[in-house]
Amino acid sequence: MSYKPQLTGSWWLKHRFFKAYMLREATVIPLAFLLCSLVAGAFSLQDPERFQHWQAFMSNPLVILVHTLALTASLYHAATFFVLFPRVMPIRVGNYQLPARYLVLAQWGAVWLIVALFIWLFAFGGQS
Amino acid sequence: MRSIQILRYLPEESSQPFLQSFQVPVTDSTSVLDALNYIKESLDPTLSFRWSCRMAICGSCGVMVNGIPKLGCKDFLRNYPNELIIEPLAHLPVERDLVVNMDSFLRHLEAVKPYLIEGKHAADSSQPNRQTPAQMARYQQFANCINCGLCYAACPQFGLNPEFTGPAAIALAHRYNLDSRDSGKAQRMAPLNSKNGVWSCTFVGFCSEVCPKGVDPAAAVNQGKVESAKSMLIQLFRGRAIGGAGQ
Ligand code: SF4
Ligand code: FES
């Protein structure tokens, strides 16, 4: 005769490690909102009036807040992902195992490269 | 002296587990296992728990210490200045006190065929089956598992679905898949590709956190996802090719 405790819905509240995991998974929520906003934006392009509405919507402080949250959330998700990546795809050159921290740095390097590209495109119109 | 609490379960006395307090002598080097042994020898001989090597090799002394899976012999009372509650390993049926039923864990280990399967890499049995240090380095980390089951007690996916193959078994499968002397990968991929295989994992990662041997089973499971994706794609194209030929 044995007993087996059942896992309850609040299992993830028991340890900070699980809470961090849930936070990582929850980053999808503000991102989904951002995605919906962008899709709505794409559809509003057909009609100038709707586009104006969309612009007003996008400058609503609450919307800006959620979008800022989406940015922070995706940076957090990226940080967790970049650390996990070298464990999932260890890179080996011959007999040499590339240290994980180089891979993490390389990924952040790629992020900054893309950010710099966008700053150049939007702030300077692609001209130097 | 200090007090520790133990979750007892004595099915002939009560159908419910209950917490019991004990006073044990402590020094800086008293391990959780030392405390349990003191209780059994001096206070209550009915206390049941498993142990053997008391040096983190046999993997039999796993318990939950304040809710975290630990090896009793590798965890020390000095780490817990305040409350200390010892419970049986989570996610497994409890037979008695701190003794859990490991059957499902062993079933998952067996299912991945954790042994060298000969095939195209078959060795000439009159010769030593050689491996270079570099070939060994590819899997060695995953070969350090002592089958303690702490990773199963740490895994919420296993807690929710006991049919999930789970961290140690997938790490073991990966260990043999990476072995240059082995040809059994195709056989092992079937259980790993299945719904209770690698894809049941959501990379919570706590298994690697609690592993006392640095096996990093979460890495093995997620490397397994890459392998599984590859093998499923290959199957898909093969399926197409065969289907195409039949038309
Ligand atoms: S992978 Fe680590 S935690 Fe899991 S059974 Fe093996 S040694 Fe124990
Ligand atoms: S008693 Fe062997 S691992 Fe703890």
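Residues numbered from 1 in each chain as written. Chains lettered and ligands numbered in written order. Predicted model: local features only at pLDDT ≥ 70, side-chain atom pairs only at ≥ 80, totals over all residues. Heavy atoms only, no water.

Go over the overall build of chain B, please, and point to the residues and values.
Within chain B one finds nine helices and seven strands. In terms of principal-axis extent, the alpha carbons of chain B reach across some 75 × 40 × 30 Å. Counting only residues that meet the buried cut, chain B has 50% of its 247 residues in that class. Within chain B, contacts between residues at least 6 apart in sequence are counted, and of these 63% link residues at least 24 apart. Of the accessible surface of chain B, which amounts to about 11,900 Å², a share of 53% is contributed by carbon and sulfur atoms. Averaging the positions of the 24 positive and the 21 negative side-chain charges in chain B gives two centres separated by 11 Å. (Helix = DSSP H or I, 4+ residues; strand = E, 2+ residues; numbered from the N terminus. Buried < 20%, exposed > 50% of the residue type's maximum accessible area, 1.4 Å probe, protein only. Contact = heavy atoms within 4.5 Å. Areas by Shrake-Rupley, 256 points an atom, 1.4 Å probe, with all protein chains shown as cover. Lys, Arg positive; Asp, Glu negative; His and termini not counted. Charge placed at Lys NZ, Arg CZ, Asp CG, Glu CD.)

Before we move on, could you go through unusual backbone geometry and cite the residues and values that matter?
With phi around 55°, Phe203(B) is a residue other than glycine that occupies positive phi space. With relative accessibility at 9%, the residue Phe203(B) sits in the buried group.

Provide a residue-level description of the interface of chain A and chain B, including the pertinent values.
Residue-level contacts link 18 residues of chain A with 33 residues of chain B. Summing both partners gives a buried area of about 2,200 Å² for chain A against chain B, and 65% of it is carried by carbon and sulfur. By the criterion of area lost to chain B, the three top residues of chain A are Tyr3(A), Phe17(A) and Arg87(A), representing 30% of everything that side buries. Linking chain A to chain B there are one salt bridge. (Buried area = accessible area lost by both parts, 1.4 Å probe. Salt bridge = Lys/Arg side-chain N within 4 Å of Asp/Glu carboxyl O.)

Describe in detail the packing of helix α2 (residues 28-44) of chain A against helix α4 (residues 61-88) of chain A, supporting the description with residues and values.
Residue and element names in this part refer to chain A. Where α2 contacts α4, the axes come no closer than 8 Å and their chain directions differ by 125°. For the element pair α2 / α4, the angle class is oblique. α4 is crossed by α2, and the crossing has left-handed handedness. Residue-level contacts link Pro 30, Leu 31, Phe 33, Leu 34 and Ser 37 of α2 to Val 63, Val 66, His 67, Leu 69, Ala 70, Ala 73 and Ser 74 of α4. (Axes fitted to C-alpha atoms, helices over the stretch in contact; angles between N-to-C directions. Parallel < 35°, antiparallel > 145°, perpendicular 65-115°, else oblique. Left-handed = near helix turned anticlockwise from the far one by under 90°.)

Lay out the nonpolar core in plain terms, naming residues and giving numbers.
Residues and elements named next belong to chain B. Counting residues in hydrophobic clusters, the biggest one holds 68 residues, and the most contacted among them are Ile 4, Ile 6, Leu 36, Leu 71, Ile 86 and Phe 206. Considering each element in turn, this core owes the most residues, six residues, to helix α6 (residues 167-177). If we skip the residues at most four places from it in the chain, Ile 86 touches Ile 4, Gln 5, Ile 6, Leu 7, Val 32, Leu 36, Val 63, Met 64 and Leu 98. (Core = buried A, V, L, I, M, F, W, Y, C linked by side-chain atoms within 4.5 Å.)

Run through the pattern of salt bridges, naming residues and quoting values.
Residues and elements named next belong to chain B. In total, this model carries 11 salt bridges over all chains according to the counting rule given. Among the salt bridges present, the one from Glu 163 reaches Arg 107, with a minimum N-O distance of 4.0 Å. Residue Glu 163 is located in the loop between α5 (156-160) and α6, and its partner Arg 107 is located in helix α2 (residues 103-111); the two are separated by 56 residues in the primary sequence. Since its relative accessible area comes to 44%, Arg 107 is described here as partly exposed. Close ionic contact of Asp 182 with Arg 188 constitutes a salt bridge, the shortest N to O distance being 2.8 Å. Judged on exposure class, the residue Asp 182 and its partner Arg 188 are both buried. One network of salt bridges, in which partners are shared, links Arg 8, Asp 44 and Asp 97.

Explain the sheet that holds strand β5 (residues 85-87) of chain B to me, using residue names and the numbers behind them.
Residues and elements named next belong to chain B. The sheet built from five strands is open, its strands ordered β2-β1-β5-β3-β4 with mixed pairing. Among the strands making up the open sheet, the edge pair consists of β2 (18-24) and β4 (68-71). Neighbouring strand axes in the sheet, compared pairwise and without regard to direction, differ in orientation by 35° on average. The sheet contact formed by strand β3 (residues 62-65) and β5 spans two bridges and is antiparallel. Across the sheet, Val 65 pairs through a bridge with Ile 86, a residue of β5. Docked against the sheet, helix α1 (residues 32-43) engages β1 (2-8), β2, β3 and β5, running at close to 90° with respect to β2. (Pairing = 2+ DSSP bridges.)

With reference to specific residues and values, describe the side chain of Thr165(B).
Within the secondary structure, Thr165(B) sits in the loop between α5 and α6. Among residues more than four places away in sequence, those in contact with Thr165(B) are His108(B), Val112(B), Tyr152(B), Ile170(B), Pro191(B), Asn196(B) and Gly197(B).

Give a description of the UniProt feature "transmembrane region" (unreviewed entry) in chain A that names residues and reports values.
All names here are of chain A. Taking the UniProt record as the reference, the feature "transmembrane region" (unreviewed entry) is found at residues 21-43, 63-85 and 105-125. With 96% helix and 0% strand, residues 21-43 has its two end C-alpha atoms placed 35 Å apart. Across residues 63-85, the secondary structure splits into 100% helix and 0% strand, with the terminal C-alpha atoms separated by 32 Å. (UniProt positions renumbered as here; feature names shortened; annotations may be inferred.)

Quick rundown of the pairing of β1(B)? Include the residues and the values.
Remember that side chains alternate between the two faces of the sheet whenever the strand is regular. All names here are of chain B. Most of β1 sits inside the fold, with five of its seven residues counted as buried. Examined bridge by bridge, β1 and β2 share seven bridges and lie antiparallel to one another. Across the sheet, residue Gln 5 finds its bridge partner in β2, namely Ser 21. In terms of strand pairing, β1 meets β5 through two bridges, oriented parallel. Note that in β5 the partner of Ile 6 across the bridge is Ile 86.

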